[in-house]
Amino acid sequence: MFRLKGNVIHKNPKSDTVFQLSCRIQINDSDYLLEELSSQHNLKAAVEEKPDHSKFLIIYSKNKSEALKVKSLLLELNKHSFSNFRMISLPQSHWATRWKKGLKVLRISRNLVVSPSWIKYQKKAQEKVIRIDPEMAFGTGHHATTRMCLEWLEKLAPSSKSVCDVGCGSGILAISAAKLGIKNVLALDIDPEAIKIARKNARLNGVLPKIRFLTGPLKEQKIKKHYDIILANLTAQDLQKNWKELKTLANPQKTLLILAGIEKSQQVWFEPWLEKERKWIIIDRKKESDWIGYMLKREKLET
Ligand SMILES: C[S@@+](CC[C@H](N)C(=O)[O-])C[C@H]1O[C@@H](n2cnc3c(N)ncnc32)[C@H](O)[C@@H]1O
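Every chain begins its residue count from 1, and numbering advances along the sequence as written. Side-chain atom pairs in this predicted model are given and counted only at pLDDT of 80 or more, local residue features only at pLDDT of at least 70, and totals for whole chains, interfaces and linings cover all residues.

Remarks on the overall build of the chain
Turning to step 1, where the next piece is worked out: Here a helix means four or more residues in a row that DSSP labels H or I, a strand means two or more in a row labelled E, and each is numbered from the N terminus. Helices and strands together make up the secondary structure of the chain, namely 9 helices and 14 strands.
Turning to step 2, where the next piece is worked out: Within these notes, the globule rule equals 2.2 Å times the number of residues to the 0.38 power, and the radius of gyration is based on C-alpha atoms. Here the C-alpha atoms of the chain give a radius of gyration of 20 Å, agreeing with the 19 Å that 2.2 N^0.38 yields for 303 residues.
Turning to step 3, where the next piece is worked out: C-alpha atoms of the chain, sized along the principal axes, occupy 60 × 45 × 40 Å.
Turning to step 4, where the next piece is worked out: Any residue whose C-beta has 12 or fewer other C-beta atoms within 10 Å is treated as exposed, any with 20 or more as buried, and any in between as partly exposed, C-beta atoms being built from the backbone. Within the chain, buried positions represent 38% of all 303 residues.
Turning to step 5, where the next piece is worked out: It is the C-beta atoms, placed from the backbone, that decide contacts: two residues are in contact if theirs lie within 7 Å. Sequence-distant contacts in the chain: of pairs separated by 6 or more residues, those separated by 24 or more amount to 67%.

Topic: the site of the ligand
Turning to step 1, where the next piece is worked out: Defining nearness, a residue is near a molecule or strand when the C-beta atom obtained from its backbone falls within 6 Å of it. In the vicinity of the ligand lie 25 residues, with Gly-139, Thr-146, Gly-167, Gly-169 and Asn-233 positioned nearest.
Turning to step 2, where the next piece is worked out: Mapped onto the shell around the ligand, the elements with two or more residues apiece are α4 (144-156), β8 (162-166), α5 (172-179) and β9 (184-189).
Turning to step 3, where the next piece is worked out: Per-class residue counts for the shell around the ligand are 13 nonpolar, 8 polar and 4 charged. Side-chain classes are defined by residue name, with Ala, Val, Leu, Ile, Met, Phe, Trp, Tyr, Cys and Pro counting as nonpolar, Asp, Glu, Lys and Arg as charged, and the others, Gly among them, as polar.

Re the sheet that holds strand β3 (residues 55-61)
Turning to step 1, where the next piece is worked out: In this scheme, strands are said to pair when DSSP sees at least two bridges between them. Here 4 strands make up an open sheet; going across it, the order is β2-β3-β1-β4 and the pairing antiparallel. With one partner strand each, in any of the chains shown, β2 (44-49) and β4 (82-91) form the two edges of the open sheet. For this sheet the average axis-to-axis angle between neighbouring strands, irrespective of direction, equals 20°.
Turning to step 2, where the next piece is worked out: For β2 and β3, the ladder comprises 6 bridges, and the chain directions are antiparallel. Residue Val-47 lies in a different strand from β3, and its bridge partner there is Leu-57.
Turning to step 3, where the next piece is worked out: Structural elements are reduced to axes, namely lines fitted to C-alpha atoms, with helices fitted over the stretch in contact, and the angle between N-to-C directions of any two is expressed from 0 to 180 degrees. On the sheet, helix α2 (residues 64-77) packs against β1 (17-25), β3 and β4 and is oriented at approximately 15° with respect to β1.

Let's talk about the pairing of β1
Turning to step 1, where the next piece is worked out: Looking at chain direction, β1 and β4 are connected through 8 bridges and run antiparallel. Counterpart to Gln-20 in the pairing with β4 is Ile-88.
Turning to step 2, where the next piece is worked out: Note that β1 and β3 share 7 bridges and pair antiparallel. For Arg-24, the partnering residue across the bridge sits in β3 and is Phe-56.

Thoughts on the domain arrangement of the chain
Turning to step 1, where the next piece is worked out: The split into domains, and so the bounds of each, comes from an automatic or database assignment of domains. When the domains of the chain are assigned, the result is domain 1 (17-101) and domain 2 (138-298).
Turning to step 2, where the next piece is worked out: With centres defined by C-alpha atoms, the gap from domain 1 to domain 2 works out at 29 Å.
Turning to step 3, where the next piece is worked out: Taken together, the contact between domain 1 and domain 2 spans 7 residues of the former and 6 residues of the latter.
Turning to step 4, where the next piece is worked out: Of the residues in the side of domain 1 that touches domain 2, the class split is 1 nonpolar, 3 polar and 3 charged.

Points about the sheet that holds strand β13 (residues 280-288)
Turning to step 1, where the next piece is worked out: Pairing is mixed across the open sheet formed by 7 strands, whose spatial order is β10-β9-β8-β11-β12-β14-β13. Bordering the open sheet on either side are β10 (211-215) and β13, each of which pairs with just one other strand. Recorded for the sheet is a direction-independent mean angle of 15° between the axes of neighbouring strands.

Some details on the environment of Pro-158
Turning to step 1, where the next piece is worked out: Relative to the helices and strands, Pro-158 is located in the loop between α4 and β8.
Turning to step 2, where the next piece is worked out: Measuring from C-alpha to C-alpha, the distance between Pro-158 and Ile-182 comes to 7.8 Å, with 24 residues separating the pair along the chain.

Brief notes about unusual backbone geometry
Most of the time, phi is negative for any residue but glycine, and the peptide bond is trans.
Turning to step 1, where the next piece is worked out: Although it is not a glycine, His-53 sits at a positive phi angle of roughly 75°.
Turning to step 2, where the next piece is worked out: Structurally, His-53 is set in the loop between β2 and β3.
Turning to step 3, where the next piece is worked out: We classify His-53 as exposed; it has 6 C-beta atoms within 10 Å.
Turning to step 4, where the next piece is worked out: For Asn-84, which is not a glycine, the phi torsion comes out positive at approximately 50°.
Turning to step 5, where the next piece is worked out: Structurally, the position occupied by Asn-84 is in strand β4.
Turning to step 6, where the next piece is worked out: For Asn-84, a count of 10 C-beta atoms within 10 Å puts it in the exposed group.

A look at the pairing of strand β12 (residues 256-263)
Turning to step 1, where the next piece is worked out: Burial within β12 is extensive, with 7 of its 8 residues counted as buried.
Turning to step 2, where the next piece is worked out: In this structure, strand β11 (residues 229-233) lies alongside β12, joined through 5 bridges in parallel fashion. Bridge pairing in β12 places Ala-232 opposite Leu-259.
Turning to step 3, where the next piece is worked out: As paired strands, β12 and strand β14 (residues 291-298) are joined by 6 bridges and run antiparallel to one another. Bridge pairing in β14 links Leu-259 to Tyr-294.

Right, here's the structure in full:
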């Protein structure tokens, strides 16, 4: 699984030159790698497919040593999956255009569409279109875990009055909730930059006044309210660390708790751990590429 270890030093020199690091990749889940590079390492990257179907990862950095650090992180991760490294310098305007070109309009269902904010999407009458510029935050909609949450959210929205989006990233889930008509939406993220981006996206979608944003880790929030739906697209380890606080957001009579961000290889220990939490039972499961998501409710609760 492509989870990069270590941090890339991120300097921001006032130069208008960027370094482009490219390499051939042989992996299935390039979406996750792209989101990781963006959200954990503040780097923009794209995957391009050549006519012979070989895939290349293109990473842009303002700093040469940063680009070299990424190269060693990738090799440390799996030296067989990344090869043919090449570095060149380019004008800064080049990277934004190239990265943005890679993001496409995404259909979640017949009625729900996610569109990059720079694309003019012609919406059909029945559609709700969520416009997102993720900048450096996680949440373009293209990652399997975000899509799972969106599918469940759309299904549950007509019967739900409130949603808490724990780890909102670009704001994609909270904004969708508000656009799907849910009245009370809370979005929080440990990362102040993500909250800034999520607020911008909420404004872009005309739902800023409908969403309350909080900055900081869930553990430090003193949230008194209960929510009909709790969305937590976090890593399996973060879900465990925040389990007690996630439960305090739940109304035992009606809350549905959606957990995404669990890698398939983690199912062997994550599910038995969840099952030990006897009061919460798994009522639905989604699996896509290397990811699993769960919907849980309190025992004795009818959906
Ligand atoms: C995988 S992204 C999910 C983004 C978006 N909700 C989606 O589904 O695409 C996880 C987000 O959770 C945030 N996060 C991680 N741990 C957190 C915590 N303890 N409290 C609040 N936010 C957290 C990260 O900063 C990141 O933006």
